[in-house]
Each structure stands twice: as C-alpha cells, then as structure tokens.
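Structure assessment
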Amino acid sequence: MSTKFSSKLSTILVAAGCSVGLGNIWRFPYVAGANGGGAFLLIYLVSIIIIGIPVMLSEFSMGRATHKSAVGAYKELGGRWHWLGLNGVLAATIIMGFYYVVAGWTTEYFAMSVSGRLADFSSASQLKDLFGAIVSNPWQPLVFTLGFILVNHLIITMGVAAGLERVSKVLMPLLFFILIGLAINSLLLPNSLEGVVFFLKPDFSKITPAVILEAVGQSFFSLSIGLGALIAYGSYIREETNLRSAALVIVALDTAVALLAGFIIFPATTSLGIDPTAGPALVFETLPAIFQALPMSMFLSTVFFVLLMIAALTSTMSLHEVLTVYLMEEWGCSRKKGTTITTLIVAVLGTVASLSFSVLSGVKLFDLNMFDFMDYLTANYMLPIGGLLTCIFVGWMLDRDVFEEQITNKGKLGGSIVPVMIFLLKYVCPIVLFIVFLNSIGIFKF
Ligand code: PHE
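Described below are features of the structure shown in this document. (Residues numbered from 1 in each chain as written. Predicted model: local features only at pLDDT ≥ 70, side-chain atom pairs only at ≥ 80, totals over all residues. Heavy atoms only, no water.)

Geometry of an aromatic ring pair is reported as the spacing of the ring centres plus the angle between the planes. Within the structure shown, the criterion is met by 32 aromatic pairs. Geometry around Phe 221 places Arg 27 over its ring, the cationic atom sitting 5.2 Å from the centre. The lysine or arginine in question, Lys 426, covers the ring of Trp 396, its NZ or CZ lying 4.7 Å from the ring centre. (Phe/Tyr/Trp six-rings, centres within 6.5 Å; stacked < 30°, edge-to-face > 60°. Lys NZ or Arg CZ within 6 Å of the ring centre and 35° of its normal.)

Spelled out as structure tokens, the structure:
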C-alpha cells in the first residue's frame, strides 16, 4: 500500500474493499437466517449506528494520530494498553483460519461454473447434497483453501497488491450492480414476499441474548472493526480527509451490500424451498439455484464467483497485514519473513478448519466443530471485546484532544459531533456491550 491514500475517494474505496467481503455476502445472510431474520436485522442496524460508527472513527483517529498500526498505536497513545492490540492480532489470525476456507469454497464454485458442471445441479435438494459432498471431501476443499492462501501470498510478495487494489476499484462497483440485478430478480420470483417478510419484519419474541450477541458480532465482523485493522488504514489517511464522512460512506456501502445479499437470498429461499436456517451452507445452496433460472447461467455465475473471490481477496489481504505488521513491529521480522510466517500459520489453521467437515468432524469445542468455533469465537467474542476495550480506551483513557483533533481536522470542521461520539464511546457502547456479554454467558438476565 502507498504511504498515503491519493484521495478521499481512494481512502473510501480501499477501506470499503477491506470491509466488503464474504462477511456481507456469505456470513450476513447465514447468521440473519439462523437468528430469526427481521429481529436480527433490526439489532444489526442499531449496532452499526450506535457502536459501529464510533468504533470505526476511534480506530481511524488512533491510526492517523500515530501513523502506526494497532499495537504500535496503543503503545504510543496508551503505554501499557498495547496488549489490547494483541487481542486484535489474535482475532485476525483466527478469522483467517475459517475465512480462507470459505474463499476456497467460493473458488470451487467458480471452477464448477467455468466447467459448466454446476449446471447439473438445480433443485434445492441437489444443491444441498452438492455442498455436503464438497465440504465432506477431505482433499478437494483443502486444496482450494491452500491454493487461495498461496495466491494471497503471491499477490502480497510480488508487489501486485497495489494493482489488485486498482482493479478492485473498478470491479467492486461492478459486483454492486450485479447484486442489484440479482436482488431485483429474486424479488420477482414467485412467493418471494414471504422471504422478504422473514428478512424485514421483526418478530420481537425471537430476540434473545444470543441473537443480540450474534447481531452485534456480525456488525463488527462486517465493518472490520474491533481488531485494529482500521487503525492501520487510519495511518494511511491524509490529514485533510474528513474522517466522519469517509466512515459514513464506508458504513453505508458495507450495509448496502449486506442488505442486497439479504434481498437476494431470502426471497429465493421461500420461492425455491431452501431452508433459511441452513447455516454456512445457505449462500452456496441458494445462489446456484438463482443462477440456474437465469439466461446465460454459467457465464453469470462465473462472473459472480470471480468478483466474490476478489472481494474476499481484498479482505484477506488486510487481515494478513494485521499479523504481518505485528511480527515486523514487535518481533523485528523483515516484511518478507513476517509475510511468510503469517502465511504458514494461516495455512495450518485453514487446514484444521477445512478438515473440520471431514476427518476432524469429531473434534469439538463447546459443541462446535473447529470451523464454527473459530467463526463464533472471533465474531461474537473477540471483536466485540476489542470494540469494548477500544471504546473504554478512547472514551476514558485517551487525551480528548487527540480524538477531537482527528474528528474535526484540527478544528477545521465543526465540532458539534464530538460530544455525541464521546458520549457514545464513554457510556452507551461499553454499557451495551457489557450487558450483552453478561447476558450471553448467563451471568445477568434481563
Ligand atoms: N469485513 C470483512 C468481510 O466482511 C472481513 C474482515 C474482518 C476483514 C476483519 C478485515 C478485518 O468480509
């Protein structure tokens, strides 16, 4: 990445590239579907506004104020608080473990679209069986997962990362338009309305502490906050860029992509008889069925899966960077060595996650296989804990001037939003997150 983003637009597009990924298109629909639809969506949106935006602004501010990434920024601003950055480094590492597996599945569906083999599977039950057969085969998904890790490694080490960022600036808007087209198509399917109602209409009886935790966790995962990845981004943002409007645009784009994914998947589930609570399989069972009903189905599905692979790559590159920079700053590794160590660690974790649907399916922690455990632990605990500590740090420990200077560009922009943000960071976010945690582990019931 260049030392400074060349413009506000590129700040937004690169950070949106980090935020928009499998989290929006694969994870959001599956978690929303498994947690009651509309009730989940409502809490998700509230969490984005009252917690997501303040935490994103905090991370950007810390990065731009120090020109460092997570651990270094905490060291400079808060001395002993640097261990906070470690939670994020660990979270990024574990996320990569399962994220690459999903990227591997995406690549496998891409390969099946190119070869036309995907066209042999069209009914809901055939597609369900196909996904089951793919993940329970030990070798094939592992090869695709490790292949994706290798491609990610080569892109980083061969210095083509900047090139990928450039193409993604063109390709991500294309993905966005394709998503709009697919959503319109899904809404026009017979019986689509039932799915729309499931997605949008909150059934308040479905709101439980676990659902709240899932919704808050998904908002963190989707926005890439709570692990310090955006602290590193903040350090590349120019002094004159307005952080508030940049954050708002990034949040709006990220949320729009997630909502579009919902409008594609849920109307199709009721129309095609697919179970919306299918879990991580949901998108892979639904999307091919949607393509099948369209003209030029294999061409469209190939284009779609390529774009999804690129969306995944821009996210894995930033996750990879979190651990690499940590190894460089704290352990004195060269960039080359840091990158290689990171790749080796995630190759091991990716292997474990990939095999957790086949030979390692009996290995369980808290009743979850290793893939689900990595997913659940990071999104629902590590990221919100990182977010909680970020709020406490910026709200209570950090010199207020540091945050205010960043938010107002040293007084050039109006400051009326500062007290609102400080109030959210000091009281609302920590209290809400704390209650959500206590509730979910059953210590405190409301
Ligand atoms: N937000 C990314 C996605 O939705 C995942 C991610 C999380 C990327 C944390 C970087 C840091 O796919």
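This paragraph deals with the site of the ligand. Around the ligand sit 14 residues, and of these Ser 19, Gly 23, Tyr 99, Phe 221 and Ser 224 come closest. Between the ligand and Leu 22, the relevant distance is 3.2 Å, taken from an oxygen atom to a main-chain nitrogen or oxygen of the residue. In isolation the ligand exposes 330 Å². Once the protein is present, 100% of that is buried. (Near = heavy atom within 4 Å. Polar contact = N/O pair within 3.5 Å; in protein donor to acceptor, adjacent residues only side chain to side chain. Areas by Shrake-Rupley, 256 points an atom, 1.4 Å probe, with all protein chains shown as cover.)

Here we take up the side chain of Asn 409. Looking at the element boundaries, Asn 409 is found in the loop between helix H17 (400–407) and helix H18 (417–440). The class of Asn 409 is buried, set by a relative accessible area of 7%. Not counting residues within four places of it along the chain, the set of residues in contact with Asn 409 comprises Arg 64, Glu 239, Glu 240, Thr 241 and Asn 242. (Helix = DSSP H or I, 4+ residues; strand = E, 2+ residues; numbered from the N terminus. Buried < 20%, exposed > 50% of the residue type's maximum accessible area, 1.4 Å probe, protein only. Contact = heavy atoms within 4.5 Å.)

Even without being glycine, Phe 366 reaches a positive phi, approximately 50 degrees. Mapping Phe 366 onto the fold places it in the loop between strand E1 (364–365) and strand E2 (368–369). Positive phi outside glycine occurs at Asp 367, with the angle close to 70 degrees. Following the sequence through the fold, Asp 367 ends up in the loop between E1 and E2. Classification of Asp 367 by relative accessible area gives exposed; the value is 70%.

So, on to the packing of helix H10 (residues 209–223) against H18. At a minimum axis separation of 9 Å, H10 and H18 run at an interaxial angle of 130 degrees. Between H10 and H18, the interaxial angle falls into the category oblique. Relative to H18, H10 is oriented so that their crossing is left-handed. Contact residues: Pro 209, Ile 212, Leu 213, Val 216 and Phe 220 in H10; Leu 433, Val 436, Phe 437, Asn 439 and Ser 440 in H18. Residue composition of the contact of H10 with H18, grouped by class: eight nonpolar, two polar and no charged. (Axes fitted to C-alpha atoms, helices over the stretch in contact; angles between N-to-C directions. Parallel < 35°, antiparallel > 145°, perpendicular 65-115°, else oblique. Left-handed = near helix turned anticlockwise from the far one by under 90°. Nonpolar A, V, L, I, M, F, W, Y, C, P; charged D, E, K, R; others polar.)

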